[in-house]
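A structural walkthrough
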Amino acid sequence: MNYNLLPVICCYLAASGLYAGFLFFQRSKYNKSAYVLVLAGFVIHTVLLGFDYANTRTLPVHNLHQNLWFAGWILAAVFLAVRPRIRINILGVFAAPLLTLVTAAAFFIPNTQIQPHPELTGFWLIIHVVVIFAGEACLALACGTGILYLIQERNIKGKKHRFFFRRLPSLELLDNAGYTFVAIGFTALSAGLITGSIYAHQVWGRFWSGDPKEVWSGITWLIYAALLHERLVAGWRGRRAAILAIIGFAAMLFTFLGVNFLMEGHHDEFTRW
Amino acid sequence: MMNLPGGKSRTADLPRNAAPELPEIGILGINHNSAPVDLRESLAFSDQESRASVRELKKQPEISEILILSTCNRVEMLFTSHDPGGAIKAIKSHIAEIKSVEESRFEGALYTYLGSEAVKHLFRVASSLDSMVLGEPQILGQVKTAYRSAVDNRGTGVILNRLVHKSFSVAKRIRTETGIGDRAVSISYAAVELARKIFGRLEDKAVLLVGAGEMAELAVEHLNRIRSTGALYVANRTFEVGVDLARRFSGTAIRFEEIEETLKHADIIISSTGSADFVIFRDQVKPAMRHRKQRPLFFIDIAVPRDIDPAVNKIDNAYIYDIDDLQDVIEDNIESRRSESARAERIIDEAAVRFAQWYESLDVVPTIKQLRAKLAAIAEAELKKTIQAMDHPSAKDVEAMERMSEAVVKKIMHDPVRFLKNPGTHRDKSLYIDLARKLFNLEDD
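Figured I'd write up the structure that's included with this text.

Criteria and cut-off values
Residues numbered from 1 in each chain as written. Chains lettered and ligands numbered in written order. Predicted model: local features only at pLDDT ≥ 70, side-chain atom pairs only at ≥ 80, totals over all residues. Heavy atoms only, no water. Helix = DSSP H or I, 4+ residues; strand = E, 2+ residues; numbered from the N terminus. Buried < 20%, exposed > 50% of the residue type's maximum accessible area, 1.4 Å probe, protein only. Contact = heavy atoms within 4.5 Å. Areas by Shrake-Rupley, 256 points an atom, 1.4 Å probe, with all protein chains shown as cover. Salt bridge = Lys/Arg side-chain N within 4 Å of Asp/Glu carboxyl O. Phe/Tyr/Trp six-rings, centres within 6.5 Å; stacked < 30°, edge-to-face > 60°. Lys NZ or Arg CZ within 6 Å of the ring centre and 35° of its normal. Patch = residues over 30% accessible without salt bridge, like charges linked within 9 Å, V, L, I, M, F, W, Y side chains within 5 Å. Lys, Arg positive; Asp, Glu negative; His and termini not counted. Charge placed at Lys NZ, Arg CZ, Asp CG, Glu CD. Buried area = accessible area lost by both parts, 1.4 Å probe. Polar contact = N/O pair within 3.5 Å; in protein donor to acceptor, adjacent residues only side chain to side chain. Pairing = 2+ DSSP bridges. Axes fitted to C-alpha atoms, helices over the stretch in contact; angles between N-to-C directions.

Time to look at the overall build of chain A. Of the regular secondary structure elements, chain A holds nine helices and zero strands. Reading chain A from its N terminus to its C terminus gives the helix and strand order α-α-α-α-α-α-α-α-α. Here chain A holds 273 residues, and the buried ones make up 52% of them. Contacts in chain A between residues far apart in sequence, at least 24 positions, make up 79% of those at least 6 positions apart. For chain A, the computed accessible surface area is about 12400 Å², with 69% contributed by carbon and sulfur atoms.

What follows deals with the overall build of chain B. The number of helices and strands found in chain B is 17 helices and ten strands. Restricting the contact set of chain B to residue pairs at least 6 apart, pairs at least 24 apart contribute 73%. With an accessible surface of roughly 22500 Å², chain B has 52% of that area assigned to carbon and sulfur atoms.

This brings us to the pattern of salt bridges. A side chain with one charge can pair with a side chain of the opposite charge if their charged atoms come near. Residue and element names in this part refer to chain B. Summed over all chains, the structure comprises 29 salt bridges over all chains. Arg-354 is paired through a salt bridge with Glu-350; the nearest N and O atoms lie 2.9 Å apart. Of the two residues, Arg-354 and Glu-350 both sit in helix H14 (residues 323-361), four residues apart, roughly one turn of that helix. On the accessibility criterion, Arg-354 (39% relative accessible area) is partly exposed. Across the salt bridge formed by Glu-382 and Lys-385, the nearest N and O atoms sit 3.5 Å from each other. With a gap of three residues between them, Glu-382 and Lys-385 both fall in helix H15 (residues 364-389), about one helical turn apart. Overall, the relative accessible area of 41% leaves Glu-382 in the partly exposed class. What you see here is one network of salt bridges that share partners, running through Arg-74, Glu-76, Arg-124, Asp-130 and Glu-345.

So, on to the packing of aromatic side chains. Enumeration according to the criterion identifies 18 aromatic pairs over all chains in this entry. Between Tyr-19 of chain A and Phe-79 of chain A the ring centres are 6.3 Å apart and the planes differ by 85 degrees, which places this aromatic pair in the edge-to-face class. Taken together, the residues span a long stretch of sequence, with Tyr-19 of chain A in helix H1 (residues 6-25) and Phe-79 of chain A in helix H3 (residues 64-82) at a distance of 60 residues. The pair Tyr-19 of chain A / Phe-79 of chain A is uniform in exposure class, with both members buried. Between Phe-25 of chain A and Tyr-30 of chain A, the ring centres sit 6.5 Å apart and the planes meet at 90 degrees, which makes this aromatic pair edge-to-face. Taking the relative accessible area as the measure of exposure, Phe-25 of chain A reaches 52% and is therefore exposed. Three or more aromatic residues joined by ring pairs form one cluster here, namely Phe-42, Phe-70, Trp-73 and Phe-133 of chain A. One residue, Arg-231 of chain A, lies across the ring of Tyr-179 of chain A, its end atom 4.3 Å from the ring centre. Note that Arg-255 of chain B overlies the ring of Phe-239 of chain B, its terminal NZ or CZ placed 4.0 Å from the centroid.

Residue and element names in this part refer to chain B. Side chains of Arg-282, Lys-286, Arg-290 and Lys-314 sit close together on the surface and give a patch of like positive charge. For Arg-282, the position within the fold is in helix H13 (residues 282-291). For Arg-282, a relative accessible area of 31% gives the class partly exposed.

Attention now goes to the interface of chain A and chain B. With 25 residues of chain A at the contact, the number on the chain B side is 27 residues. Between chain A and chain B the total buried area reaches about 2100 Å² when both faces are included, carbon and sulfur atoms providing 45% of it. If you sort the residues of chain A by the area they bury against chain B, Lys-157, Lys-159 and Arg-166 of chain A come out on top, with a joint share of 29%. Connecting chain A to chain B are three salt bridges. The residue Arg-239 of chain A makes a salt bridge to Asp-316 of chain B at a minimum N-O spacing of 3.8 Å. At the surface where chain A touches chain B, the tally comes to 13 residue pairs in polar contact (both at pLDDT 80 or more).

Turning our eyes to something else, we now look at the sheet that holds strand S3 (residues 74-81) of chain B. Residue and element names in this part refer to chain B. Taking strand neighbours across the sheet as the criterion, the four strands line up as S2-S3-S1-S4 in an open arrangement whose pairing is antiparallel. Of all strands in the sheet, those with a lone pairing partner are strand S2 (65-70) and strand S4 (111-114), marking the two edges. Put simply, the sheet's adjacent strands are angled 15 degrees from each other on average, direction ignored. Looking at chain direction, strand S1 (residues 24-31) and S3 are connected through eight bridges and run antiparallel. What sits directly across from Gly-26, in S3, is Phe-79. This element, helix H7 (residues 138-152), spans S2 and S3 of the sheet and lies at about 140 degrees to S2. Lying on the sheet, helix H8 (residues 158-177) is in contact with S1, S2 and S3; it crosses S2 at an angle near 35 degrees.

Once that is clear, we can look at the sheet that holds strand S6 (residues 232-235) of chain B. Residue and element names in this part refer to chain B. Spatially, the six strands line up as an open sheet ordered S7-S6-S5-S8-S9-S10, and their pairing is parallel. Edge positions in the sheet fall to strand S7 (252-254) and strand S10 (318-322), since each has one partner strand and no second. When strand polarity is set aside, the average angle formed by the axes of neighbouring strands in this sheet is 20 degrees. The sheet contacts of helix H9 (residues 187-199) involve strand S8 (268-272), strand S9 (297-301) and S10, and relative to S9 the element is tilted by about 165 degrees. On top of the sheet, H14 reaches S9 and S10; it is set at about 75 degrees to S10, its chief contact.

Residue and element names in this part refer to chain B. Along the chain, Asp-434 turns up in helix H17 (residues 429-439). For Asp-434, a relative accessible area of 11% translates into the label buried. In this structure the C-alpha to C-alpha distance between Asp-434 and Val-158, which are 276 residues apart in sequence, comes to 7.8 Å. Not counting residues up to four positions away in its chain, the partners in contact with Asp-434 are Val-158, Trp-358 and Leu-362.

Right, here's the structure in full:
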């Protein structure tokens, strides 16, 4: 276990607590201080990653521990960038615990030393990983807004005007935010898949090798493509879009973790522990 | 010790323990709880009358400061006076004279508060805790207007200025920190609030009004205040009635048969017809939803019997609220406002205590004490520094310097103290004490 990570996790955990406090007591200072805490955690996180990069001259994405650690960093970055632009106060209630969960998981999973393949470095790999992770972070937030949308929709349909009804923003805002997240996330995912295949071409001489990770990435990509297509053409908004965003995220989680545990392939060692 | 020219006769008949130099704060008033509407009406002051009365009452020897607040639910006379009993008498006879009502008619409905009770009452009024509709937002504006009018007519001084400003900040604090004014307590506002929860922005939403009726029209009026670019359609069985209504709300009249078509464009449908049957059916809404690309539709059904098939609520992105649903919403809201008022009362108690501290500091004696303590502390500190810097001063030298510093403090204090104790015959002493406190930065502890 890498105890350097503890301050970061503490920041995110404290931010989660404050966001929970904000959910209950609706004091905007809770909301603001929680954001500052995420920011503080992110800064420490960045410094740690910087040291790591200086030591190894490559991104720390060679085993599950490093992957989660890096995914947490990207998620924090995306959340910090998005939060001031999207007026959903309650987004942090979803994002901060997720952030805590991801980084805490990284903490508990041992950092097995893996000799990085000499071929698994280089520009395209870095782009591939960063872009894919950023896309996944957006899609995670899309899933979050999707869940919030379903809760709020149930409240309004069922005429329940208690706790969440008062605290959640309007359906339209949630729907639009979800759409924005999916659109950005999908674009990044596409770019990630393209850079990944360019990289694969350089290393193995082919763009597509039918590796399970590649197949499942393709499936995830198709789900989001369907969501966006139906939204633009048939107006799949609201409830259906929210459900699809949640399904898409589940598929993505499976691509990220499940594939490596259940199947084999050349992404295998990234999730080894 | 007190040397108050012209003040002797006034202070003489006050009880001994009362501080003669601090006026008492008082409120005299009637409101919706203490008086029926016809009495409130006959005592209401117009703007003109308020202004004239402020000037008139200010001239009375018993009254130091005066402010008059008159709304449709209340008349409040806020004053400071060295002789509250006399002030109340003067105000009563003034009301009787101006409104040509016999004192006996309103005497029983009047309430009076003095001291911290008056302070709390003003805070409660300004924060709308004393309003008929708890938490209604207009009252603060009315207090502000009343204050401005009193200031313009030189009715207020240091104490009321501070008190009324404090009441503004208390009201604002209560509004932001408690949910007292948060939720709609009328059917039409509740409908608008729900629309906000669905659409977020209402500026560009199109509204369809089906039928007519007071509540429906009120809801349209609320919506119109927010909307700017969205269209407004009015459908009525009698087309001519619809045309009239449409003109009133600057909308477009449509025929009853066109409702189905209009569902494709409208976002909020407010229905209130006298029809015994449903006017809008599920089978009409479904195709409209497809046409709208699933943009949400919000139906507000105020009619009894209902106009809109409740099965519409089962369609994705379509929402119906009927009159009972809205009634439930506002009952919930009233309940939650009530539970918030306990928190508001706490804020008021706290603010009243803090105001009392300031108010008591206006007394001459504590101010002089604090001033003397401050000067003495400065002198002592400087003396200590000087003695430390000296090369073995003799005990005699030290004693001489101590005496000197005491004498300096005493001499400096002499004139300000004399002035503060007696700033002049008709001057407002609290003004100078307040100024002195600010000048020497004496904290209200």
